[in-house]
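The lines below spell out each chain.
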Amino acid sequence: MTPAPDLRRIIAADGSCRLELSGAWNLQALERRLAELAPRLAEYAADQTSQWDLSGVDVIDHAGAMLLWRAWGRRRAAKLVLKPEHEPVFSRLEIPAEPAPPHAPRDPLWVVIVIGRKLLSVLDHLAAMVMVLGQVVLDTAYLVRQPSRIPWREISSNIYRTGAQALGITALVGFLIGVVLSYLSSQQLKLFGADAFIINILGISVIRELGPVLAAILIAGRSGSAITAQLGVMRVTQELDAMAVMGIPHTLRLILPKMLALAVSMPLIVLWTDAIALLGGMVSASAELGIGYSYFVSSLPDAVPIANLWLGLGKGVVFGLLIALIACHFGLRIEPNTESLGIGTTNSVVTSITVVIIVDAVFAIMFKDVGIS
Amino acid sequence: MADSIIEIKGLWTQFGDHIVHRGIDLDVERGEIMSLVGGSGSGKTTLLRQMLGLETPARGEVCVFSKSLHGSDPDGVRKLRDRWGMLFQEGALFSALSVFDTVALPLRELRTIDEELIHDLVMMKLEMVGIEPYHATKMPAELSGGMVKRIALARSLALEPELLFLDEPTAGLDPDRSESFVKLVQELHRELNLTVVMVTHDLDTLVALSTRVAVLCEQRLVIVGTLDEVVADSHPFIRNFFMGERGRRALEAVRSVILT
């Protein structure tokens, strides 16, 4: 190993001062002894007349040279003995280093600026989304005139990925929600002896509200994020640009198939989630209240008007379209760097879940007279 | 002084059924600039990653600074990491950090250097690779490809390494920048007695920098030697690589410079 850096002060008989440096003055060796050496260097360097003898130094690198340089007050010591091979390390320091530009001071109106920026960005997103939607409508009109150009393969693969592959997770969550809802409701109903109303409560709440919203939230988290990330990665790897160069429109090949696929698979997923959640509710109701499976199933059509099912499925279609639109919009706006990919995906999922819940509230108000007798 | 910095003994690399290296032996000595040459997909970068301990050998051993990378001393290997620097092909800058923070990161990780000295060292490294101070606050996403590469070099030099690994250092740089890059590596090599291991396809860089060349072909090292020795070899890959149109031009250009 290289010897440790060392520093010795020798005061000659005539009072002149000589500083002998030896060992390795590189970052490796200095790093451990910096706390001890730095103040000594500063102290010795205060005497301008002393001679610095670096001829005993074995190795010196830029960090070591910089340390001495700073001690000397950013210039060469007046009397300096240096090995010729160490000359270039010091000559590099003589180019004056400019300080980094200072950070811009904070604007006193920063609150207004931040809020304004946020608002403008929301408006910007809305405008861009309307533009994507408009392009999709134009593409649909084009496909109606030229049915041979319909991207069947993309649509079917998207239905498989967003629909068939989501059956497991929606079934698990739906079943557990059904069990919990039914268990808690039956506890309350038992107090009033209104056991049979468990069918009404479960039927209406699951088919009309919980099924569609639950499925939409799961699909937004699962497929929405996947769509955004996929488009984002395509932007990062310039695949989107390659498609544009070949004259293949993004909306026709990427966005439209995803929107159509989710519009098809979402109502099916909603139906599936409804069925499994009701199954869970049925199991719990039978255990808790002793309501038989056949009685539950046969009285369901009387308790829940069929309009609720159509409403739920209709919501499914709308949610599916919205999730796909939002996911594609955020995916296309990702910039070609990895950080933007992460932010874009998060924003996409948060936005689509929020929008799903807002739209669900709108549905609840619009259809308040439908399906509830 | 023939002390070996890197010793590779009987190295096999395997990914699943795919064998990349079959029994590679290679010594890199202090102060030399070793170039790894080979066709695309011949495992040059993988060999470089083996030397950095980023891959695990299927068989054989890699020692750096006489310390086995996969031996029983993980703490010792961690200390090694302060003594080498690596320039990745795509730069591999941290996307969340500004240029200044990226170069300062390895210095701050030491936790013994005060912020003022870090500032001076970082600005010096940036100046060395030709980055103007006002770029220091930029984020990697705002930089051009050539700047990313130079900042990545500044980061790999931050800890004043004794050993520098370069993966395709001049790929994606314009000829002028390539030229100044070659000059910079030459200067650093002279000033700091750096040892450099470099993977490159660029014949001009290869010819200008290498003191020795190792040729990888068909999962083995075909030859290791000075440029003249390698060029004189009759292996078909070497004949194609150096004696093709482009190779001859690069060699001739350098020869004529040396002669004049």
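Residues numbered from 1 in each chain as written. Chains lettered and ligands numbered in written order. Predicted model: local features only at pLDDT ≥ 70, side-chain atom pairs only at ≥ 80, totals over all residues. Heavy atoms only, no water.

## Some words on the interface of chain B and chain A
- The interface is formed by 31 residues belonging to chain B together with 26 residues belonging to chain A.
- For the pair chain B and chain A, the summed buried surface comes to about 2500 Å²; carbon and sulfur atoms form 61% of the total.
- Here chain B and chain A share zero salt bridges between them.
- Where chain B packs against chain A, one counts two residue pairs in polar contact (both at pLDDT 80 or more).
- Elements supplying a minimum of two residues to the side of chain B that touches chain A: α3 (99-110), α4 (115-128) and α6 (175-192) of chain B.
- In terms of residue count, α4 of chain B provides more of the side of chain B that touches chain A than any other element does, ten residues in total.
- When grouped by side-chain class, the residues that make up the side of chain B that touches chain A number 16 nonpolar, four polar and eleven charged. (Contact = heavy atoms within 4.5 Å. Buried area = accessible area lost by both parts, 1.4 Å probe. Salt bridge = Lys/Arg side-chain N within 4 Å of Asp/Glu carboxyl O. Polar contact = N/O pair within 3.5 Å; in protein donor to acceptor, adjacent residues only side chain to side chain. Helix = DSSP H or I, 4+ residues; strand = E, 2+ residues; numbered from the N terminus. Nonpolar A, V, L, I, M, F, W, Y, C, P; charged D, E, K, R; others polar.)

## Quick notes on the domain arrangement of chain A
- Assigned domains of chain A: these are domain 1 (6-94) and domain 2 (153-366).
- Put simply, the middle of domain 1 of chain A and the middle of domain 2 of chain A, counted by C-alpha atoms, are 71 Å apart. (Domains from an automatic or database assignment.)

## Details of the nonpolar core
- Within the largest apolar cluster, 71 residues are counted, with the highest numbers of intra-cluster contacts made by Trp 25, Trp 52, Leu 68 and Phe 90 of chain A together with Leu 126 of chain B.
- When residues of this core are assigned to their parent elements, the largest contribution, eight residues, is made by α4 of chain B.
- Sequence-distant contacts of Phe 90 of chain A, defined by excluding residues within four places in its chain, comprise Leu 54, Ile 60, Ala 65, Leu 68, Trp 69, Trp 72, Arg 76 and Leu 82 of chain A.
- With 38 residues, the next largest nonpolar core counts Leu 254, Leu 262, Ile 269 and Cys 328 of chain A among its residues. (Core = buried A, V, L, I, M, F, W, Y, C linked by side-chain atoms within 4.5 Å. Buried < 20%, exposed > 50% of the residue type's maximum accessible area, 1.4 Å probe, protein only.)

## Here's the deal with the sheet that holds strand β1 (residues 4-15) of chain B
Residue and element names in this part refer to chain B.
- The strand order across the open sheet formed by four strands is β2-β1-β4-β5, and the pairing between neighbours is antiparallel. Looking at the sheet topology across the chains shown, the edges are occupied by β2 (18-29) and β5 (67-68).
- Relative to β2, β1 runs antiparallel, the two sharing eight bridges. By the bridge assignment for β2, Phe 15 is matched with His 18.
- Along the sheet, helix α1 (residues 44-51) makes contact with β1, β2 and β4 (59-64), crossing β1 at roughly 120°. (Pairing = 2+ DSSP bridges. Axes fitted to C-alpha atoms, helices over the stretch in contact; angles between N-to-C directions.)

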